[in-house]
Amino acid sequence: MARRSARRTPPRPTVALDFGGVLSAGRDPIDDIYEIVGGDREAVARAYWDARPAYDRAAVTPAEYWGTVAAAGGLGGADATVVEDLQDADDRYWLRLDPEARALIHDLARSGTRLVLLSNAPEPFGEAVRKADWFEAFTFAVFSGEERVAKPDAEIYEILLSALAHETGGVAQPRSVLFFDDREENVEAARRLGIDAHLWPGNDPARGEGVPNPGVALAREVIAGRGIELD
(Lines give C-alpha, C1' and ligand atoms only; values in the text may rest on other atoms or scores of the structure.)
Protein backbone atom coordinates (compact mmCIF):
# COMPACT_ATOMS: atom_id res chain seq x y z
CA MET A 1 0.00 0.00 0.00
CA ALA A 2 1.39 3.38 -0.94
CA ARG A 3 2.38 5.48 2.02
CA ARG A 4 0.38 8.66 2.31
CA SER A 5 2.54 11.76 2.14
CA ALA A 6 2.53 13.65 5.39
CA ARG A 7 1.31 17.20 5.25
CA ARG A 8 3.41 19.58 7.21
CA THR A 9 1.91 22.79 8.53
CA PRO A 10 4.15 25.72 7.65
CA PRO A 11 5.68 27.25 10.77
CA ARG A 12 3.94 30.36 12.06
CA PRO A 13 6.07 33.30 10.90
CA THR A 14 8.16 35.45 13.19
CA VAL A 15 8.08 39.14 12.27
CA ALA A 16 11.45 40.91 12.56
CA LEU A 17 11.46 44.70 12.30
CA ASP A 18 14.18 47.27 11.81
CA PHE A 19 13.86 50.41 13.94
CA GLY A 20 15.04 53.63 12.30
CA GLY A 21 13.02 54.33 9.17
CA VAL A 22 10.55 51.57 10.04
CA LEU A 23 9.21 52.03 13.56
CA SER A 24 10.64 55.46 14.33
CA ALA A 25 8.53 58.42 13.22
CA GLY A 26 11.54 60.49 12.16
CA ARG A 27 14.69 59.96 10.15
CA ASP A 28 16.96 62.93 10.97
CA PRO A 29 17.66 63.98 14.58
CA ILE A 30 20.16 66.70 13.68
CA ASP A 31 17.90 69.58 14.79
CA ASP A 32 17.63 68.07 18.27
CA ILE A 33 21.38 67.50 18.48
CA TYR A 34 22.18 70.95 17.08
CA GLU A 35 20.13 72.60 19.84
CA ILE A 36 22.71 71.27 22.30
CA VAL A 37 26.00 71.67 20.44
CA GLY A 38 25.36 74.76 18.26
CA GLY A 39 28.02 75.90 15.82
CA ASP A 40 27.93 74.94 12.16
CA ARG A 41 24.84 72.80 11.52
CA GLU A 42 26.25 71.15 8.39
CA ALA A 43 29.45 70.21 10.20
CA VAL A 44 27.41 68.71 13.05
CA ALA A 45 25.35 66.68 10.58
CA ARG A 46 28.47 65.36 8.84
CA ALA A 47 30.05 64.36 12.14
CA TYR A 48 26.86 62.70 13.33
CA TRP A 49 26.27 60.59 10.22
CA ASP A 50 29.88 59.90 9.19
CA ALA A 51 30.78 58.46 12.59
CA ARG A 52 27.44 56.74 13.14
CA PRO A 53 28.27 53.35 11.54
CA ALA A 54 31.26 52.95 13.86
CA TYR A 55 29.13 53.93 16.86
CA ASP A 56 26.36 51.53 15.85
CA ARG A 57 28.77 48.59 15.94
CA ALA A 58 30.54 49.76 19.12
CA ALA A 59 33.83 50.51 17.36
CA VAL A 60 33.87 53.81 19.29
CA THR A 61 32.60 54.62 22.78
CA PRO A 62 29.73 57.02 23.51
CA ALA A 63 32.27 59.55 24.80
CA GLU A 64 34.30 59.30 21.59
CA TYR A 65 31.28 59.53 19.31
CA TRP A 66 29.53 62.40 21.03
CA GLY A 67 32.87 64.14 21.57
CA THR A 68 33.33 64.14 17.80
CA VAL A 69 29.83 65.54 17.25
CA ALA A 70 30.29 68.22 19.93
CA ALA A 71 33.69 69.20 18.52
CA ALA A 72 32.11 69.69 15.09
CA GLY A 73 29.62 72.09 16.69
CA GLY A 74 30.26 74.99 18.97
CA LEU A 75 31.27 73.13 22.13
CA GLY A 76 34.75 72.02 21.12
CA GLY A 77 34.29 68.76 23.01
CA ALA A 78 31.99 66.91 25.41
CA ASP A 79 32.32 66.16 29.10
CA ALA A 80 30.32 63.40 30.78
CA THR A 81 27.26 65.64 31.26
CA VAL A 82 27.20 66.71 27.61
CA VAL A 83 27.61 63.09 26.47
CA GLU A 84 24.62 62.10 28.60
CA ASP A 85 22.53 65.03 27.33
CA LEU A 86 23.31 64.20 23.70
CA GLN A 87 22.56 60.51 24.14
CA ASP A 88 19.28 61.30 25.88
CA ALA A 89 18.26 63.68 23.07
CA ASP A 90 19.17 61.08 20.47
CA ASP A 91 17.21 58.36 22.27
CA ARG A 92 14.13 60.56 22.67
CA TYR A 93 14.14 61.42 18.98
CA TRP A 94 14.42 57.86 17.69
CA LEU A 95 12.01 56.44 20.27
CA ARG A 96 9.10 58.48 18.91
CA LEU A 97 7.18 55.79 17.06
CA ASP A 98 5.21 56.34 13.89
CA PRO A 99 1.54 56.02 15.00
CA GLU A 100 0.66 53.48 12.29
CA ALA A 101 3.77 51.44 13.06
CA ARG A 102 2.79 51.42 16.74
CA ALA A 103 -0.69 50.20 15.76
CA LEU A 104 0.90 47.42 13.69
CA ILE A 105 2.96 46.32 16.70
CA HIS A 106 -0.15 46.17 18.86
CA ASP A 107 -2.13 44.23 16.24
CA LEU A 108 0.68 41.71 15.83
CA ALA A 109 0.95 41.29 19.58
CA ARG A 110 -2.80 40.68 19.90
CA SER A 111 -2.59 38.07 17.16
CA GLY A 112 0.02 36.13 19.15
CA THR A 113 2.74 36.70 16.55
CA ARG A 114 6.34 36.47 17.75
CA LEU A 115 7.94 39.90 17.27
CA VAL A 116 11.66 40.71 17.34
CA LEU A 117 13.76 43.77 16.62
CA LEU A 118 16.86 43.73 14.43
CA SER A 119 18.47 47.15 14.35
CA ASN A 120 21.75 48.91 13.71
CA ALA A 121 21.87 51.02 16.85
CA PRO A 122 24.37 51.76 19.63
CA GLU A 123 24.30 49.95 22.93
CA PRO A 124 22.81 52.87 24.94
CA PHE A 125 19.85 52.98 22.58
CA GLY A 126 19.23 49.28 23.11
CA GLU A 127 19.00 49.97 26.84
CA ALA A 128 16.48 52.77 26.21
CA VAL A 129 14.34 50.60 23.91
CA ARG A 130 13.98 47.87 26.51
CA LYS A 131 12.51 50.43 28.94
CA ALA A 132 9.82 51.55 26.47
CA ASP A 133 6.23 50.56 27.26
CA TRP A 134 5.67 49.02 23.82
CA PHE A 135 8.71 46.74 24.02
CA GLU A 136 6.70 44.18 25.99
CA ALA A 137 5.21 43.15 22.63
CA PHE A 138 8.65 41.88 21.53
CA THR A 139 10.26 38.57 22.44
CA PHE A 140 13.78 40.00 22.18
CA ALA A 141 15.93 42.49 20.28
CA VAL A 142 19.23 42.21 18.44
CA PHE A 143 21.22 45.45 18.34
CA SER A 144 24.43 45.93 16.41
CA GLY A 145 26.06 47.83 19.26
CA GLU A 146 25.59 44.90 21.60
CA GLU A 147 26.72 42.28 19.08
CA ARG A 148 29.65 44.32 17.66
CA VAL A 149 28.46 43.60 14.13
CA ALA A 150 26.01 45.48 11.92
CA LYS A 151 23.71 44.87 8.99
CA PRO A 152 24.29 43.99 6.19
CA ASP A 153 26.97 41.65 7.61
CA ALA A 154 25.60 38.09 7.47
CA GLU A 155 26.73 37.44 11.05
CA ILE A 156 24.04 39.62 12.61
CA TYR A 157 21.29 37.75 10.76
CA GLU A 158 22.81 34.45 11.88
CA ILE A 159 22.71 35.75 15.46
CA LEU A 160 19.00 36.49 15.00
CA LEU A 161 18.29 33.03 13.56
CA SER A 162 20.27 31.33 16.32
CA ALA A 163 18.36 33.26 18.99
CA LEU A 164 15.04 32.31 17.41
CA ALA A 165 16.07 28.64 17.26
CA HIS A 166 16.94 28.80 20.95
CA GLU A 167 13.57 30.39 21.78
CA THR A 168 11.64 27.68 19.93
CA GLY A 169 13.87 24.78 20.93
CA GLY A 170 14.34 23.84 17.30
CA VAL A 171 16.57 24.68 14.37
CA ALA A 172 16.93 27.93 12.51
CA GLN A 173 14.29 28.29 9.78
CA PRO A 174 15.07 31.43 7.76
CA ARG A 175 11.91 31.20 5.64
CA SER A 176 9.79 31.40 8.76
CA VAL A 177 11.11 34.93 9.42
CA LEU A 178 9.38 37.92 7.84
CA PHE A 179 11.87 40.79 7.95
CA PHE A 180 11.19 44.44 7.13
CA ASP A 181 13.97 47.01 6.66
CA ASP A 182 14.16 50.37 4.88
CA ARG A 183 17.62 49.75 3.37
CA GLU A 184 17.89 47.65 0.25
CA GLU A 185 21.36 46.30 1.10
CA ASN A 186 20.02 44.96 4.41
CA VAL A 187 17.07 43.31 2.69
CA GLU A 188 19.29 41.70 0.06
CA ALA A 189 21.69 40.38 2.71
CA ALA A 190 18.80 38.78 4.59
CA ARG A 191 17.44 37.21 1.42
CA ARG A 192 20.81 35.61 0.69
CA LEU A 193 20.39 33.66 3.92
CA GLY A 194 16.88 32.55 2.97
CA ILE A 195 15.00 35.05 5.14
CA ASP A 196 11.71 36.34 3.69
CA ALA A 197 12.83 39.98 3.64
CA HIS A 198 10.94 43.01 2.31
CA LEU A 199 11.94 46.61 1.60
CA TRP A 200 9.95 49.02 3.76
CA PRO A 201 9.44 52.48 2.21
CA GLY A 202 11.11 54.72 4.79
CA ASN A 203 8.73 56.60 7.08
CA ASP A 204 8.23 60.21 6.04
CA PRO A 205 7.79 62.51 9.06
CA ALA A 206 6.33 65.14 6.73
CA ARG A 207 3.54 62.80 5.60
CA GLY A 208 0.30 64.75 5.60
CA GLU A 209 -2.49 63.98 8.03
CA GLY A 210 -4.62 61.12 6.74
CA VAL A 211 -1.96 59.93 4.30
CA PRO A 212 -1.38 56.19 4.92
CA ASN A 213 2.06 54.93 5.88
CA PRO A 214 3.17 52.91 2.80
CA GLY A 215 5.53 50.74 4.84
CA VAL A 216 2.78 49.70 7.23
CA ALA A 217 0.42 49.03 4.31
CA LEU A 218 3.07 46.82 2.67
CA ALA A 219 3.77 44.96 5.90
CA ARG A 220 0.09 44.30 6.57
CA GLU A 221 -0.35 42.90 3.07
CA VAL A 222 2.70 40.63 3.34
CA ILE A 223 1.78 39.47 6.83
CA ALA A 224 -1.79 38.69 5.77
CA GLY A 225 -0.39 36.68 2.87
CA ARG A 226 1.41 34.48 5.39
CA GLY A 227 -1.84 33.68 7.17
CA ILE A 228 -1.62 36.08 10.10
CA GLU A 229 -4.97 37.75 10.73
CA LEU A 230 -4.75 41.25 12.14
CA ASP A 231 -7.57 43.33 13.61
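Notes on the structure follow. (Residues numbered from 1 in each chain as written. Predicted model: local features only at pLDDT ≥ 70, side-chain atom pairs only at ≥ 80, totals over all residues. Heavy atoms only, no water.)

Description of the pairing of strand S5 (residues 196–199)
A regular strand carries its side chains on alternate faces of the sheet. Relative to S5, strand S4 (residues 177–181) runs parallel, the two being bridged by four bridges. By the bridge assignment for S5, Leu178 is matched with Asp196. Between the parallel elements S4 and S5, the chain passes through helix H10 (residues 184–192) in a crossover that is right-handed. (Pairing = 2+ DSSP bridges. Helix = DSSP H or I, 4+ residues; strand = E, 2+ residues; numbered from the N terminus. Right-handed = clockwise from strand over helix to strand, strands pointing away.)

A few points about a negative patch on the surface
Together, Asp79, Glu84, Asp85 and Asp88 make up a region of like negative charge exposed at the surface. Considering the arrangement of structural elements, one finds Asp79 in the loop between helix H4 (62–72) and helix H5 (80–94). (Patch = residues over 30% accessible without salt bridge, like charges linked within 9 Å, V, L, I, M, F, W, Y side chains within 5 Å. Areas by Shrake-Rupley, 256 points an atom, 1.4 Å probe, with all protein chains shown as cover. Salt bridge = Lys/Arg side-chain N within 4 Å of Asp/Glu carboxyl O. Lys, Arg positive; Asp, Glu negative; His and termini not counted. Charge placed at Lys NZ, Arg CZ, Asp CG, Glu CD.)

A short note on helix H9 (residues 154–168)
With 15 residues, H9 should reach 21 Å at 1.5 Å per residue; the first-to-last C-alpha distance of 21 Å fits that figure. All of the buried residues along H9 are Ile156, Tyr157, Leu160, Leu161, Leu164 and Ala165. Elements in contact with the buried residues of H9: strand S1 (14–17), strand S2 (114–119), strand S3 (140–143), helix H8 (144–147), S4 and H10. For H9, the N-terminal capping position is held by Asp153, with its side-chain oxygen 2.8 Å away from the main-chain nitrogen of Glu155. (Expected span 1.5 Å × (residues − 1). Buried < 20%, exposed > 50% of the residue type's maximum accessible area, 1.4 Å probe, protein only. Contact = heavy atoms within 4.5 Å. Polar contact = N/O pair within 3.5 Å; in protein donor to acceptor, adjacent residues only side chain to side chain.)

So, the pattern of salt bridges
Taken as a whole and assessed by the stated rule, the structure comprises 14 salt bridges. A salt bridge links Arg27 to Asp182; its shortest N-O distance comes to 4.0 Å. With Arg27 in the loop between S1 and helix H1 (30–37) and Asp182 in the loop between S4 and H10, this pair connects stretches of sequence that are 155 residues apart. Among the residues examined, Arg27 registers a relative accessible area of 41% and is labelled partly exposed. Its relative accessible area of 18% is what places Asp182 among the buried residues. Notably, a salt bridge pairs Asp32 with Arg96, separated by 3.9 Å at the nearest N-O pair. Highlighted residues: Asp32 in helix H1 and Arg96 in the loop between H5 and helix H6 (99–110), separated in sequence by 64 residues. The exposure class assigned to Asp32 is partly exposed, which follows from its relative accessible area of 25%. Exposure remark for Arg96: the relative accessible area of 43% places this residue in the partly exposed category.

A few points about the sheet that holds S5
Here we have five strands laid out as an open sheet, ordered S3-S2-S1-S4-S5, and parallel in their pairing. The strands lining the two open edges of the sheet, one partner per strand, are S3 and S5. For this sheet, the mean angle separating the axes of adjacent strands, direction not counted, is 20°. As judged from the four bridges shared by S2 and S3, these two strands associate in the parallel manner. Its bridge partner lying in S3, Leu117 is registered against Ala141. Sitting on the sheet, helix H11 (residues 214–225) is in contact with S1, S4 and S5, with an inclination near 170° to S4. (Axes fitted to C-alpha atoms, helices over the stretch in contact; angles between N-to-C directions.)

Things to note about the packing of H1 against H5
Running from N to C, H1 and H5 point in directions that differ by 160°, and their axes come no closer than 9 Å. Between H1 and H5, the angle is such that the two are roughly antiparallel. When the axes of H1 and H5 are compared, the crossing they make is right-handed. Only Asp85, Leu86, Ala89, Asp90 and Tyr93 of H5 make contact with H1, whose side of the interface consists of Asp32, Ile33, Ile36 and Val37. Residues that form the contact of H1 with H5 fall into these classes: six nonpolar, no polar and three charged. (Parallel < 35°, antiparallel > 145°, perpendicular 65-115°, else oblique. Left-handed = near helix turned anticlockwise from the far one by under 90°. Nonpolar A, V, L, I, M, F, W, Y, C, P; charged D, E, K, R; others polar.)

Points about the environment of Thr139
Secondary-structure assignment places Thr139 in the loop between helix H7 (123–129) and S3. Each C-alpha atom of the pair Thr139 and Thr168 lies 11 Å from the other, and the pair is 29 residues apart in sequence. When sequence neighbours within four positions are dropped, the list of residues in contact with Thr139 reads Arg114, Leu115, Val116 and Glu167.

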